[in-house]
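Structure assessment
Chain by chain, the residues run as shown.
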Amino acid sequence: AFEITDQIGLYVTDYVNDVTPMPLQISGNRANNSIITFDGSTWTPEKTIYWGTGKSDVYAYYPYFTEVQDVESQFFAVAEDQTAEGYELSDFLWAKAEGVRQTDGTVNLEMKHLMSKLTVMIVAGDDYIGSLPEDATVHLHSTVTNVNIDLENGAVVKDPYSGAKSIKMKNLGIRTFDGEKAVVYDA
């Protein structure tokens, strides 16, 4: 779930004659990488975004980039050390609402996870004697952490100049699943 002070980036493009959507561009859209901040219940734009008279497409992404270099191939890197605060910033979310009008009311943006998530659960086997290793360090090896994202359609392509790396997974502590305890790690 989003938390207080989370920020998304927002783009709005207009249609030509209510028929043809304009392509998403780095600038020249109705809204260009507008900062929208969550206060716990409401999303508030830093600057007012005005509606046009026709249809629009609305694009949103998280986490917010201060500067977008290329809407067709925006670089994004997953954190290699995900044990620190803010590891959720490695989860790129994207949404698009097509053909919306001011008269439609609130624009619903259903965010989609564009990255993969891996959960590792360490459980005691039948012959294991002792306690679970709560302080173990788990690494996810041979992972491509750098990608390029098309903000218009949500396509993700691995960065061709990035080699495989290792991710230090976040320890979520002991959890219980189906009555069995496990130490859980996420990346």
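Residues numbered from 1 in each chain as written. Predicted model: local features only at pLDDT ≥ 70, side-chain atom pairs only at ≥ 80, totals over all residues. Heavy atoms only, no water.

1. Considering the sheet that holds strand β12 (residues 156-158)
Going by this rule: Two strands qualify as a pair provided DSSP detects at least 2 bridges between them. Secondary structure is summarised from DSSP: a helix means a run of H or I of at least four residues, a strand means a run of E of at least two, and numbering begins at the N terminus for each. Simply put, an axis is a line fit to the C-alpha atoms, just over the touching stretch for a helix, and the angle between two N-to-C directions goes from 0 to 180 degrees.
One open sheet accounts for three strands, arranged β6-β11-β12; its pairing is antiparallel. Two strands in the sheet have a free side with no partner beyond their single neighbour: β6 (74-77) and β12. Taking each pair of neighbouring strands and ignoring which way they run, the sheet shows an average axis angle of 35°. Sheet analysis places strand β11 (residues 146-149) next to β12, joined by three bridges and oriented antiparallel. Bridge assignment links valine 147 to a residue of β12, and that residue is lysine 158.

2. Here we look at the layout of surface pockets
Note the following rule: For cavity detection a 1 Å grid was placed over the protein atoms alone, and a set of points counts as a cavity when a 1.4 Å probe fits there but cannot get out; an open set counts as a pocket when protein lies on both sides within 12 Å along at least five of seven lines, with lining residues being those that have an atom within 4 Å of a point. Grid points are joined across faces, edges and corners, and a volume is the space filled by probe spheres set on the points. Asp, Glu, Lys and Arg are counted as charged, while Ala, Val, Leu, Ile, Met, Phe, Trp, Tyr, Cys and Pro are counted as nonpolar; the rest, among them Gly, fall into the polar class.
The calculated volume of the largest pocket comes to roughly 740 Å³. Lining the largest pocket are 29 residues, with Ser90, Asp91, Met115, Ser116 and Lys117 sitting closest to its centre. Of the residues contributing to the lining of the largest pocket, the split by class is 16 nonpolar, six polar and seven charged. Of the pockets and cavities examined, the second largest pocket occupies roughly 540 Å³. For the lining of the second largest pocket, the elements supplying multiple residues, two or more each, are β1 (7-16) and β4 (43-45). Top contributing element to the lining of the second largest pocket by residue count: β1, with three residues. When its residues are assigned to classes, the lining of the second largest pocket shows 14 nonpolar, two polar and one charged.

3. A short note on the environment of threonine 103
Within the element layout of this structure, threonine 103 appears in the loop between β7 (93-100) and β8 (112-113). Distance in space between the C-alpha atoms of threonine 103 and glycine 54 is 9.7 Å, their sequence separation being 49 residues.

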